[in-house]
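Each chain, written out:
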Amino acid sequence: MTDEKKGYSTHGKKVGVYICHCGGNISDHVDVAELADRAKALEGVTVTRTNMFMCSDPGQDLIRKDIENGEINRVVVASCAPSLHEVTFRCALKRAGMNPFLYEHANIREQVSWVHHGDAATDKASHLVAAAVAKAKELSPLEPIRVHAARHATVIGGGVAGMRAALNLARSGIRVTLLEASAFLGGRTAGLDRLSPTGESAQSVVRSLGEALLADTNIEVHGCSRVVGFEGYVGNFSLTVEEDSAEITAESRADNGTWVPFSGMQLGVPDGKRRWRLETGAVVLATGFTPYQPGEGEFGYQEIPQVVTLPEFIRQQAENQAQDPVLTWEGKPVRRMAFIHCVGSRQIPGIHKAPEGGRLNEYCSRTCCSAILQAAVDIRQRFPETRVFDFYRDIRTYGRGQETHYEQASEQGVLFFRYEAEAPPLVEKAPKGRFPLRVRVADTLTYGEELSTEVDLVVLGTGMTARPINDLVTMMKLPTGLDGFLQEVHPKLRPVEVASTGILLAGTCQAPMDVGEACSAAQAAAAKAAVLLTRGHVELDPYVARVDGGRCTGDGRCIEVCPVEGALKLEEGRAVVNPALCTGCGICVGACPSQAIDVAGWTLKQYEDMVDAIAAA
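Residues numbered from 1 in each chain as written. Predicted model: local features only at pLDDT ≥ 70, side-chain atom pairs only at ≥ 80, totals over all residues. Heavy atoms only, no water.

J.: Looking at this structure, I do not really get the sheet that holds strand S20 (residues 336-343). What am I missing?
T.: The pairing of strands in a sheet comes from backbone hydrogen bonds and takes either a parallel or an antiparallel form. As summarised here, the arrangement of the five strands in space is S17-S26-S20-S21-S22, forming an open sheet in which the pairing is parallel. Edge positions in the sheet fall to strand S17 (307-309) and strand S22 (415-418), since each of these pairs with one other strand and no more. In this sheet, adjacent strand axes meet at a mean angle of 25° when their direction is disregarded. Sheet analysis places S20 next to strand S26 (residues 457-462), joined by five bridges and oriented parallel. Residue pairing in the sheet places Phe339 in a bridge with Val459 of S26. (Pairing = 2+ DSSP bridges. Helix = DSSP H or I, 4+ residues; strand = E, 2+ residues; numbered from the N terminus. Axes fitted to C-alpha atoms, helices over the stretch in contact; angles between N-to-C directions.)

So this is what it looks like as structure tokens:
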């Protein structure tokens, strides 16, 4: 339904201003009633309303009813950052039959109430609202940019997240190509024995997903493959893929789909090397993580043979399935053993030392505590003669059902010691005696008393680190956080998307997760990709550069400064915009000597009016 058919004209500028209390986040510092009174006095404002939570359904209904009653044809929302709820309010306008781009946002939370107090906060908020109203009066109806989208998706990574995403996409009717860097499906999960907290066999999970993947005619799988070239935009990406089986030895080759313990499901790979082009509509990144590798001497690792990581210990135990009543390591009985938590996680600047050229891992890896406790319980149940000691900073069994591991460990007689970050356990060779190792710690559970215990084996609970995929990050211009993991647009509103539309995140490439969480994220990414591609076209925001051909002199400065290759080019002596590639950054606007370029929705005239409104307020 057009705006005119709704019974009001888009030419008579009638602006509605809607101010949010944000549950006190704004109204505790901004006088919302005073702000509303000032907004009423602005030229062109016909409606002013306030609400405790404007983003809520009742708040959106206020806007919808005013539109349907013909009281407004422009909307200004004064609330939190537009990155949070811009889409929310656009959709509210659209449901009311109004062009969703006749809307402007004033950020009076992050830019006002969180940094100012008292009269200063109210005054600044009124300035921002006045500027938003001035811009809103100059807004014109815009239409989304529609581009063709190939009904094909590419999944990079063949772990459980990648396989789950590929299967969900295929079941949505989308053709899928899965690219795996190794010759095996299963990723890090294939290196586990059982999953927490269900106790399910990791092998059975990987095989179930892998067999379904290889049997699906909508999915094409390539092993020993990596992306070496990337260009295009959502719906029309073009990848250059290189397959190289040089690292696969003849001894490790097996038939396609064969299970190789602790490697995963073998993929059939061609001999030699080849490059080929892959045209695709969306890309799902499921590149996984890298286990933390302790430095030489860290808790005695690599210096003392009886100090190992938890993945190394799990693999040894899984390979030794004999029902031997005695736990052994390298042929020697393990009568007493110790686990140490937070190795490579929750590192603190000034206390821990970053590796040369690396970073501190200040985050919690989340899955380590449960994995350690599950291993401790298994040992006590299988080898009741082996004593188990647990050295922890904090135990974080956060997942549903995982606290049971802690309770079981306590019931099974596991002895716990708590240490502070600045006083970690000291692992050293024991004086000659019954045990090769000694662990000393200032135990906070006994008010800092220094305790010492001798053991046969120390197992380090290592965390997750971001996998080094710098080539993909550079090619695809992917955002990364301070922790090195790929970063989503917003953890709640757009949890599996990056800023580049059509590129999605699945699993531990984004953050430490357990297998269940990784699969849930993969399903979310697959659903998002399917929504983008199912219609055969995608709609993009219209906030892109527009060239006035009558004023353009074709001097090419705009092309020189444009940060996106292919977004601008010269045709017949005039600059031409590819709207599917343009990001609307506006750099070209400032570079153009003849002022022949504007960004739709952010024109120079709109900027000028906003500045005038701020100066006059």
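J.: Hey, could you run me through the environment of Leu179 in this one?
T.: Considering the arrangement of structural elements, one finds Leu179 in strand S7 (residues 175-179). A sequence separation of 108 residues divides Leu179 from Thr287, and the C-alpha atoms of the two residues are 9.9 Å apart. Leaving out residues up to four positions away in the same chain, Leu179 has contacts with Thr154, Val155, Ile156, Gly157, Gly158, His222, Ser225, Val227, Val241, Trp276 and Leu278. (Contact = heavy atoms within 4.5 Å.)

J.: What is the right way to look at the packing of helix H9 (residues 368-382) against helix H10 (residues 403-411) in this model?
T.: Relative orientation and spacing of two packed helices are given, respectively, by the angle between their axes and the distance between those axes. For the pair H9 and H10, interaxial distance at closest approach is 9 Å and the crossing angle is 35°. For H9 against H10, the interelement crossing comes out left-handed. Facing Ser370, Leu373, Gln374 and Val377 of H9, the residues of H10 in contact are His405, Tyr406, Gln408 and Ala409. Here the residues of the contact of H9 with H10 sort into four nonpolar, four polar and no charged. (Left-handed = near helix turned anticlockwise from the far one by under 90°. Nonpolar A, V, L, I, M, F, W, Y, C, P; charged D, E, K, R; others polar.)

J.: Whenever I open this one, the sheet that holds strand S23 (residues 426-429) confuses me. Can you help?
T.: Spatially, the three strands line up as an open sheet ordered S23-S24-S25, and their pairing is antiparallel. Only two strands of the sheet have a single neighbouring strand rather than two, namely S23 and strand S25 (449-455). Strand-to-strand, the axes of this sheet are offset by a mean angle of 25°, without reference to chain direction. As defined by bridge partners, strand S24 (residues 437-443) adjoins S25 across seven bridges and the pair is classed as antiparallel. The residue bridging Arg438 from the neighbouring strand is Glu454, located in S25.

J.: Which parts of the structure should I look at to understand H9?
T.: Between its first and last C-alpha, H9 extends 21 Å over 15 residues, near the 21 Å set by a 1.5 Å rise per residue. Within H9, 11 of the 15 residues are buried, which leaves the element mostly enclosed by the surrounding structure. For H9, every residue scored as buried is listed here: Cys368, Cys369, Ser370, Ile372, Leu373, Gln374, Ala375, Ala376, Val377, Ile379 and Arg380. Tucked inside the fold, the buried residues of H9 contact helix H8 (310-319), S20, strand S21 (387-392), H10, S22 and S26. (Expected span 1.5 Å × (residues − 1). Buried < 20%, exposed > 50% of the residue type's maximum accessible area, 1.4 Å probe, protein only.)

J.: Please clarify how the nonpolar core should be interpreted in this entry.
T.: For soluble globular proteins, the rule of thumb is that nonpolar side chains tend to be buried together. Counting 85 residues, the largest nonpolar core has Leu169, Leu285 and Met476 as the members making the most contacts within it. It is helix H12 (residues 515-533) that contributes the most residues to this core, 11 residues altogether. (Core = buried A, V, L, I, M, F, W, Y, C linked by side-chain atoms within 4.5 Å.)

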